[in-house]
Amino acid sequence: MTVFFIGAGPGDPELITVKGQRLVRGCPVILYAGSLVPAAVLDGHSSEQVVNTAELDLDQIVDLLKAAHDKGQDVARVHSGDPSLYGAIGEQIRRLRELNIPYEIVPGVTATAACAATLGCELTLPNISQTLILTRFASKTTMPEGEQLADLARHRATMAIHLGVRHLARIVDELRPHYGGDCPIAVVYRASWPDEEKIVGTLDDIVGKVQTTSIERTALILVGRVLAADGFTESTLYAKGA
């Protein structure tokens, strides 16, 4: 058997990959993160066992994976977005290796990609930013040395910040000295879900704008000049004679 760590995408059920959908519909066991994965992602399945793991701890999840392994049953372990980014699959993989249970990772559409889509922008533009930094705000999980926001902000690259909207004012204070108060920033709540909400502003005014909403979690922060750039150089990809 194999445990398939499947990225369900950011929320829209149609943004799961063809491979991910095939596995969800074909595996006899499904374990899914119900707090972040919409039930519609499971449509069409014929599984014998479907478990929402939102209320389970790591030991309970691993016990279910081992039970499926003992029966020779493939498992669709469904996570939101792409499972390799803040998906907490590393600790599950470590346990599977200890138990000699095979696994495979099936990539998914990231929340960052979904945010760029709803904002209608490219995150890398010539002469503006050719680097995208994906990071998170240090709250319960501390950041390794050199990965504090101020350290990363010195690059002035496009940045996607996960799990930080409740600390938006502190984030802005750390970013403003490097990006400038007029730098564009967007807060996107539940990108690609039916109740998606996006707030666009600058580092100088975004805190006030978000305070007028009820957004407190499940939002991603994007910052960088690419969000409102028109004066960039055209790429050589489609240049005449290239």
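In this text, all values refer to a predicted model and were calculated from it rather than measured experimentally. (Residues numbered from 1 in each chain as written. Predicted model: local features only at pLDDT ≥ 70, side-chain atom pairs only at ≥ 80, totals over all residues. Heavy atoms only, no water.)

Details of the sheet that holds strand β5 (residues 103-106)
An order of β3-β2-β4-β1-β5 is seen for the 5 strands of this open sheet, with the pairing classed as parallel. With partners counted over all chains shown, the strands left at the sheet margins are β3 (49-52) and β5, one partner each. In this sheet, adjacent strand axes meet at a mean angle of 15 degrees when their direction is disregarded. By the bridge criterion, 5 bridges tie strand β1 (residues 3-7) to strand β4 (residues 75-79) in an arrangement that is parallel. Bridging from a neighbouring strand, Gly 7 pairs with His 79 of β4. Packed onto the sheet, helix α2 (residues 58-70) meets β1, β2 (29-32), β3 and β4 and runs at close to 165 degrees relative to β2. (Pairing = 2+ DSSP bridges. Helix = DSSP H or I, 4+ residues; strand = E, 2+ residues; numbered from the N terminus. Axes fitted to C-alpha atoms, helices over the stretch in contact; angles between N-to-C directions. Contact = heavy atoms within 4.5 Å.)

A word on the nonpolar core
Met 159, Leu 175, Tyr 179, Val 187, Leu 203, Ile 206 and Val 223 are the most contacted members of the largest nonpolar core, which totals 25 residues. Of all elements in the fold, only α5 (149-153), β7 (158-162), α6 (168-179), β8 (184-189), α7 (206-211) and β10 (219-223) reach the threshold of two or more residues within this core. Top element by residues in this core is α6. It accounts for 5 residues. Ignoring anything within four residues of it in the chain, the contact list for Tyr 179 reads Ala 153, Arg 156, Ala 157, Met 159, Leu 203, Val 223, Gly 224 and Arg 225. In terms of nonpolar packing, the next biggest core, distinct from the first, is built from 16 residues, Leu 23, Ala 33, Val 37 and Val 41 among them. (Core = buried A, V, L, I, M, F, W, Y, C linked by side-chain atoms within 4.5 Å. Buried < 20%, exposed > 50% of the residue type's maximum accessible area, 1.4 Å probe, protein only.)

Concerning the environment of Ile 171
Here Ile 171 lies in helix α6. Judged by its relative accessible area of 0%, Ile 171 falls in the buried class. Considering only alpha carbons, one finds Ile 171 and Ala 150, 21 residues apart in sequence, at a separation of 9.1 Å. Once residues within four sequence positions are removed from consideration, Ile 171 is found in contact with Phe 137, Leu 149, Ile 161, Gly 164 and Ile 221.

Regarding the packing of α2 against helix α3 (residues 90-98)
Interaxial distance between α2 and α3 falls to 11 Å at its minimum, and their mutual angle equals 45 degrees. Classified by the angle their axes make, α2 and α3 are oblique. As α2 runs across α3, the sense of the crossing is right-handed. The segment α2 lies against α3, with Leu 58, Asp 59, Ile 61, Val 62 and Leu 65 engaging Glu 91, Gln 92, Arg 95 and Leu 96. (Parallel < 35°, antiparallel > 145°, perpendicular 65-115°, else oblique. Left-handed = near helix turned anticlockwise from the far one by under 90°.)

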